[in-house]
Amino acid sequence: DYSREVFDAIDTEYRGFAAELGLGDVVSIPMSALRGDNVTEPSAHTPWYSGPTLLDHLETIEVDDDVATKPFRMIVQWVNRPDSDFRGFSGLVVSGTVRPGERIRVLPSGSESTVARIVTYDGDLDEAVAGESITITLCDEVDISRADVIAAAGDPPGIADQFESHIVWMSEDEMLPGRRYLVKLGATTVGATIDHPKHGVNVNTLEHVAARTLALNE
């Protein structure tokens, strides 16, 4: 019934939960998705609320996104070879920027080359940034396959056969250390074995039971 007391109670509870996760920038908006209250226009049902509507907030919020400043990374989704005269490598730029003339390294092979062109449906680009889907051609004949990573030659990612990660386990089946699992890495799927967890977090109470830090060994 558009109760301010109910809204304030939900807001207070959520802010306490968010604080435990280290989230300090929280905006609460009373809305009805069914009736459209405070979605695009202020609602007469909530005269006690003077904040932004959902649309107003989404159009003005500042997104803290620093992926464009990170080293260049692109996972090859497709080797584009329509004829013998063209061979490009298509994918989404997941971080950084790339320009023609820049040196790149292909992983895991370690081969290096220079970017010749950045090709798109609308024409060649002088620069591609994180979030853009592109096709890269190289100055050299380099053996590159789907799921390989094209990275900045001067700052490539590390290569390892194990890593640690925080995992949110969603399955009803128990996670079993030592069991083989399939892990999706970019455009490829590999087998991995989960080591014994170092810690656990109760998602209902946020208590540290012994963040789920796991080692996965390929």
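Residues numbered from 1 in each chain as written. Predicted model: local features only at pLDDT ≥ 70, side-chain atom pairs only at ≥ 80, totals over all residues. Heavy atoms only, no water.

Caption draft 1: Here's a closer look at the overall build of the protein chain. Broken down by element type, the protein chain carries two helices and twelve strands. Reading the protein chain from its N terminus to its C terminus gives the helix and strand order α-α-β-β-β-β-β-β-β-β-β-β-β-β. Taking 2.2 N^0.38 as the reference for a compact globule, 218 residues should give roughly 17 Å; the C-alpha atoms of the protein chain span a radius of gyration of 24 Å, well beyond that estimate. Reported as C-alpha extents along the three principal axes, the dimensions of the protein chain are approximately 70 × 50 × 30 Å. Of all 218 residues assigned to the protein chain, the portion counted as buried reaches 31%. Summed over all atoms, the accessible surface of the protein chain reaches about 14500 Å², with 51% contributed by carbon and sulfur. Charge-centre separation for the protein chain: the mean point of 17 positive side chains lies 7 Å from the mean point of 37 negative side chains. (Helix = DSSP H or I, 4+ residues; strand = E, 2+ residues; numbered from the N terminus. Rg over C-alpha atoms; globule rule 2.2 N^0.38 Å. Buried < 20%, exposed > 50% of the residue type's maximum accessible area, 1.4 Å probe, protein only. Areas by Shrake-Rupley, 256 points an atom, 1.4 Å probe, with all protein chains shown as cover. Lys, Arg positive; Asp, Glu negative; His and termini not counted. Charge placed at Lys NZ, Arg CZ, Asp CG, Glu CD.)

Caption draft 2: Spatial organisation of the nonpolar core. Formed by 18 residues in total, the largest nonpolar core has its most connected members in F72, V98, I134, I136, L138, I144 and I150. At the level of elements, β1 (73-83), β2 (86-95), β4 (103-107), β5 (112-119), β7 (133-138) and β8 (149-152) are the ones that each hand at least two residues to this core. The leading source of residues in this core is β7, at three residues. Setting aside chain neighbours within four positions, we find V98 in contact with F72, V115, I118, E127, A128, I134 and I136. (Core = buried A, V, L, I, M, F, W, Y, C linked by side-chain atoms within 4.5 Å. Contact = heavy atoms within 4.5 Å.)

Caption draft 3: A look at the sheet that holds β4. Within the closed barrel, the six strands sit side by side as β1-β2-β7-β5-β4-β8. Their pairing is antiparallel. Here the strands of the sheet are splayed against their neighbours by 50 degrees on average, with no regard to which way each runs. In the sheet, β1 pairs with β8 via three bridges, with the strands oriented antiparallel. In the sheet register, M74 faces β8, and the bridge partner there is I150. (Pairing = 2+ DSSP bridges. Axes fitted to C-alpha atoms, helices over the stretch in contact; angles between N-to-C directions.)

Caption draft 4: Examining the packing of aromatic side chains more closely. All told, the structure shown has four aromatic pairs when counted by the stated rule. Between F7 and W48, the aromatic rings sit 5.4 Å apart at their centres with planes inclined by 45 degrees, giving tilted as the arrangement. Within this pair, whereas F7 is found in helix α1 (residues 4-20), its partner W48 is found in the loop between α1 and α2 (54-60), the two being separated by 41 residues in sequence. Note on F7: relative accessible area 17%, which makes it buried. Relative to F17, the ring of Y14 lies with its centre 6.3 Å away and its plane at 45 degrees, an arrangement referred to as tilted. Highlighted residues: Y14 and F17, both in helix α1, separated by three residues, approximately one helical turn. A relative accessible area of 42% places Y14 in the partly exposed class. One aromatic cluster in this structure is built from F7, W48 and Y49. (Phe/Tyr/Trp six-rings, centres within 6.5 Å; stacked < 30°, edge-to-face > 60°.)

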